[in-house]
Amino acid sequence: MDQIVEEPSAPIEPNPDAWLGRWAAAAFGVFAVGLALGVSELVTGLAGGDQSLIGALGTWVIDTVPAAVSKWAIETFGTYDKLVLIVSIVGVALVIGGLVGVAARNRFATAVGAFVAFGGLAYLAAVRDPLSDRIAAATAAAVVFGLFALGYLLRTGSGMTEDASRRAFLRAGGAVVALAIASAVTGRWVIARMATSVRRDAMVLPPVDESERVEPAPPTAQAMGAVPVVTPNDEFYRIDTAVTSPLVNPDNWSLTISGMVDRPFEITYNQLLDLPMVERYVTLSCVSNRVGGDLVGNARWQGVPLRHVLELAQVRDGATQLVGRSVDNFTVGFPTEVVFDGRDALIAVGMNGEPLPVRHGYPARLVVAGLYGYVSATKWLEEIHLTTWEAFDAYWIPRGWAKEGPIKTQSRIDRPSPNATLAAGPEVIAGVAWAPTRGISRVELSIDEADWVEAELADSLADSSWRQWSLPWEATPGRHTIQVRATDGTGETQTADLAPPRPDGATGHHTIFVTVE
Ligand SMILES: Nc1nc2c(c(=O)[nH]1)N[C@H]1C(S)=C(S)[C@@H](COP(=O)(O)O)O[C@H]1N2
Ligand SMILES: [Mo]
């Protein structure tokens, strides 16, 4: 059997009377067309195309069918109309593949003619789609790979006993089906990635009103040795449950405001961009950040105040929880009242002057000053749902994290780095401290357990932004312990009590050890 499978030059000698032979050939034709379609997706993606052969055929069908038919389809299938269309196109192609498979048993030239003819027709229909700039390559690849697969399968399956051909059928057919699925899935992913990045790269953020703009971080705020006061986008920590970041095409995206509101509504990306925008520095922290950890960052966010959107929707009395849901169904939930208590709470579209990076929630996310990300900062936002505090627990709550997640006052030593070995002499100790929305009023250091000494604070960008601090230090030979603590804008000093991140955020003083030689 193995010899037969691997024999490349076995002639196609089908037995026209064999029942299995005919059905197997039909299946081979289906598999081959499946591979052809998968390859067309993959080639479109790899060639940087936006619209695949199947998608462009869909456009053609929509443009071609009588208006009454498309009206009927929309009424019947609702939001599934596009899916039904795509499934139908693929279905028709696979059926044609089955017929071609049967016909090709006797003369392979039939298959060549059919693939070229159908490929040509598909090309002519699809090329009218303005997005289909890579259709020629995709169609050619589809025809070539489809024919190769069909030839291979027919050769493998022909001239065998029924038993042998069934095994060959399973093995070779399975391989082609696996390839078809793999290329289609990879292709879809590459195309979506391109669609997202092409639009993101081309986009220009709408200007922010003069009065709502923030100053660029002044150089005086760069305390020596602390991390940059504004975290560059590609250095900003990333935490989410997504295996790969959802790729959202803003042309197909909308934001829904639903639940306990008098005027629920849905807006497109462009409509969101037309709403009044503000710019704010807000420090974001993950509840999982351990003392001294780096799951915290500061950015200049541009977005629409949540308050404005909630006023448009007219939140009902008793809507005590705001739930933010993402396109991949991650949820956060926080008290509705924080939107109205004067803090910065945004539907953000920009991060440090750029459209949101894909990994940080493009095209839109929530940013709420003073709340850990797991209760507030929905990336790839799709729905804002108003409900009661009791009615819903967001993603991390049943997984053992606190329902309320205010950010705790924290401070971190960035320089020297923990366990560093330093030369004796003048040194600078520097870092950041944060207590959004309360601000930082004092940072103190204790070296080798001595009395607390006040560090110098850099300018404050905002009460919701972290603040850099520094302290000159004469480093003497030996081992040293350096400990930091911050006091927030209300005068409250962070606790020394050690607590782990779970359930509601770590506490304790960041303490480092250094050796001076
Ligand atoms: N869609 C989605 N949004 C999300 C999350 C997620 O898993 N999925 N994680 C949250 C958590 S736990 C944090 S700390 C912040 C992190 O935001 P960043 O990755 O932009 O730093 O995103 C929040 N938003
Ligand atoms: Mo988080």
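What this report covers is the structure whose coordinates are included nearby.

Conventions used here
- Residues numbered from 1 in each chain as written.
- Chains lettered and ligands numbered in written order.
- Predicted model: local features only at pLDDT ≥ 70, side-chain atom pairs only at ≥ 80, totals over all residues.
- Heavy atoms only, no water.
- Helix = DSSP H or I, 4+ residues; strand = E, 2+ residues; numbered from the N terminus.
- Rg over C-alpha atoms; globule rule 2.2 N^0.38 Å.
- Buried < 20%, exposed > 50% of the residue type's maximum accessible area, 1.4 Å probe, protein only.
- Contact = heavy atoms within 4.5 Å.
- Areas by Shrake-Rupley, 256 points an atom, 1.4 Å probe, with all protein chains shown as cover.
- Lys, Arg positive; Asp, Glu negative; His and termini not counted.
- Charge placed at Lys NZ, Arg CZ, Asp CG, Glu CD.
- Near = heavy atom within 4 Å.
- Polar contact = N/O pair within 3.5 Å; in protein donor to acceptor, adjacent residues only side chain to side chain.
- Pairing = 2+ DSSP bridges.
- Axes fitted to C-alpha atoms, helices over the stretch in contact; angles between N-to-C directions.

### Focus on the overall build of the chain
Looking only at helices and strands, one finds 11 helices and 19 strands in the chain. A compact globule built from 517 residues should have a C-alpha radius of gyration of about 24 Å, whereas the chain, at 31 Å, is more than 25% larger. A principal-axis box enclosing the C-alpha atoms of the chain has dimensions of 95 × 60 × 40 Å. Across the 517 residues that make up the chain, the buried fraction comes to 49%. For the chain, long-range pairs separated by at least 24 residues make up 76% of all intrachain contacts whose partners lie at least 6 apart in sequence. A total accessible area of about 24100 Å² is found for the chain, and carbon and sulfur atoms account for 58% of it. On the chain, the mean spot of the 39 positive side-chain charges and the mean spot of the 56 negative ones are 7 Å from each other.

### A look at the site of ligand 1
Every one of the 19 residues lining ligand 1 counts as a neighbour, but Tyr-237, Thr-241, His-360, Arg-365 and Lys-379 are closest to it. In this structure, an oxygen atom belonging to ligand 1 sits 2.6 Å away from a side-chain N or O atom of His-360. Between ligand 1 and Ala-377, the relevant distance is 3.0 Å, taken from a nitrogen atom to a main-chain nitrogen or oxygen of the residue. When isolated, ligand 1 has an accessible area of 530 Å², and the protein chains bury 99% of it.

### Notes on the sheet that holds strand S1 (residues 254-259)
With mixed pairing, 5 strands are arranged side by side in an open sheet as S2-S1-S10-S5-S6. Two strands bound the open sheet, and with one partner strand each, they are strand S2 (265-268) and strand S6 (331-335). The mean angle between the axes of side-by-side strands here comes to 15 degrees, regardless of whether they run parallel or antiparallel. Where S1 and strand S10 (residues 381-387) come together, 4 bridges link them in parallel fashion. Across the sheet, Thr-256 pairs through a bridge with Glu-383, a residue of S10.

### Considering the pairing of strand S18 (residues 478-488)
The element S18 is extensively covered by neighbouring structure, given that 8 of its 11 residues are classed as buried. Relative to S18, strand S14 (residues 440-447) is paired through 7 bridges, and the arrangement is antiparallel. Following the sheet pairing, Leu-445 is matched in S18 by Val-484. Where S18 lies against strand S19 (residues 511-516), 6 bridges are found, and the strand directions are antiparallel. When the bridges of S19 are listed, Ile-482 appears paired with Ile-512.

### Description of the environment of Pro-250
Position of Pro-250 relative to the elements: it lies in the loop between helix H8 (162-202) and S1. Judged by relative accessible area, which is 8%, Pro-250 ranks as buried. Between the C-alpha atom of Pro-250 and that of Thr-268, which follows or precedes it by 18 residues, the distance is 8.1 Å. With residues up to four places along the chain from it excluded, the contact list for Pro-250 reads Arg-199, Tyr-269, Tyr-362 and Pro-363.

### Some points on the sheet that holds S19
Taken in spatial order, the 5 strands make up an open sheet running S12-S19-S18-S14-S15, and their pairing is mixed. The open sheet has two edge strands, strand S12 (421-422) and strand S15 (453-454), and neither has a second partner. In terms of strand pairing, S12 meets S19 through 2 bridges, oriented parallel. Following the sheet pairing, Thr-421 is matched in S19 by Thr-515.

Remember that the coordinates give geometry; whether it matters functionally is a separate question.
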